[in-house]
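One-letter residues, chain by chain:
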Amino acid sequence: MELVQEKRSGGQRWTAQRLTLMGLFTAVLCVSSYIVIPLPFTAVSITAQTMVVNLIGMILAPADTAIVFLVWICLGLAGAPVFSGGGGGAAKLLGPTGGYIIGYLAAAVLISLFCRKVKGMGKQTLFLIVVGIPVIYLFGGAWMKISMRLTWPAVVIQGVIPFIPMDVAKCIGAAALAKALRRALPVPA
């Protein structure tokens, strides 16, 4: 069953399965925000979010991926505690780590587009590492630089280098989970 690509009257059909998957992944993204390891030298924390960002991009179609992240961002803007560490509100989005939130949206949609075109877990995992994570760092680092008035070397030291090893591991973990979920869920491979 090709859930995500069903067409009806020229547009995508909003099936119960499709909406359920989007709701489920929105919930998983919200919960992943609570798995946090703060670092004493930076405003950025290690979270489970990057793993979930990769997983959502690998499983859902690009439009569905964008909807999940837009719903999550709107929930956070409305004050729901769905951002890193249970934060919410416009202050969190406009704060030093707000760029990572937008970076998650951009990276997940790019990952989804790539995974629809290129098959093979090795290629997809490599894409997560060499494109997905750098996109997150680019958005997050640029906003961190602006909001905290940091130099680029300070941004790299505080917002990129400490996270690379764990983010690579999370990419590999996300790919392994995606492989299992693609067999278990009614989504295109």
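As the structure is a prediction and not an experimental result, all values here were calculated from the model. (Residues numbered from 1 in each chain as written. Predicted model: local features only at pLDDT ≥ 70, side-chain atom pairs only at ≥ 80, totals over all residues. Heavy atoms only, no water.)

(A) Region of interest: empty space enclosed by the protein. Going through the model one piece at a time under the given rule, you end up with 1 cavity of 30 Å³ or more. Put simply, the largest cavity is a space of about 210 Å³. Around the largest cavity, the lining comprises 19 residues; the ones closest to its centre are V44, S45, T47, Y100 and Y104. Listing elements by their share of the lining of the largest cavity, those giving two or more residues are β4 (46-47), α2 (49-59), α5 (98-117), α6 (121-148) and α8 (164-184). Top contributing element to the lining of the largest cavity by residue count: α5, with 3 residues. Tallied by class, residues from the lining of the largest cavity come to 9 nonpolar, 7 polar and 3 charged. (1 Å grid on protein atoms, 1.4 Å probe; cavity = no way out; pocket = protein on both sides within 12 Å on 5 of 7 lines; lining within 4 Å. Points joined across faces, edges and corners; volume = space filled by probe spheres on them. Helix = DSSP H or I, 4+ residues; strand = E, 2+ residues; numbered from the N terminus. Nonpolar A, V, L, I, M, F, W, Y, C, P; charged D, E, K, R; others polar.)

(B) Summary view of the nonpolar core. Counting 47 residues, the largest nonpolar core has F25, L29, I56, L60, V68, F69 and W72 as the members making the most contacts within it. Those elements that provide at least two residues to this core are α1 (16-32), α2, α3 (62-77), α5, α6, α7 (152-159) and α8. Ignoring any residue separated from it by four or fewer positions in sequence, one finds L29 in contact with V52, V53, I56, V68, F69 and W72. (Core = buried A, V, L, I, M, F, W, Y, C linked by side-chain atoms within 4.5 Å. Buried < 20%, exposed > 50% of the residue type's maximum accessible area, 1.4 Å probe, protein only. Contact = heavy atoms within 4.5 Å.)

(C) Here's a closer look at the environment of I101. When you line up the elements, I101 lands in helix α5. Once residues within four sequence positions are removed from consideration, I101 is found in contact with W72, I73, F83, K92 and L93.

(D) Expanded view of the packing of aromatic side chains. Counted under the stated rule, the structure contains 4 aromatic pairs. The interplanar angle of 85 degrees and the centroid separation of 5.2 Å between the aromatic rings of W72 and F83 together place this pair among those described as edge-to-face. Remark: F83 occurs in the loop between α3 and α4 (90-94) and W72 occurs in helix α3; sequence separation between them is 11 residues. Side by side, W72 and F83 carry an identical accessibility label, which is buried. Between F114 and F127 the ring centres are 3.9 Å apart and the planes differ by 5 degrees, which places this aromatic pair in the stacked class. Of the two residues, F114 is situated in helix α5 and F127 in helix α6; the sequence distance between them amounts to 13 residues. Among the residues examined, F127 registers a relative accessible area of 14% and is labelled buried. (Phe/Tyr/Trp six-rings, centres within 6.5 Å; stacked < 30°, edge-to-face > 60°.)

(E) Main features of the state of the cysteines. For the coordinates displayed, the defined rule picks out 0 disulfides. Distance from the sulfur of C115, which forms no disulfide, to the nearest cysteine sulfur (C171) is 11 Å. (Disulfide = S-S within 2.5 Å.)

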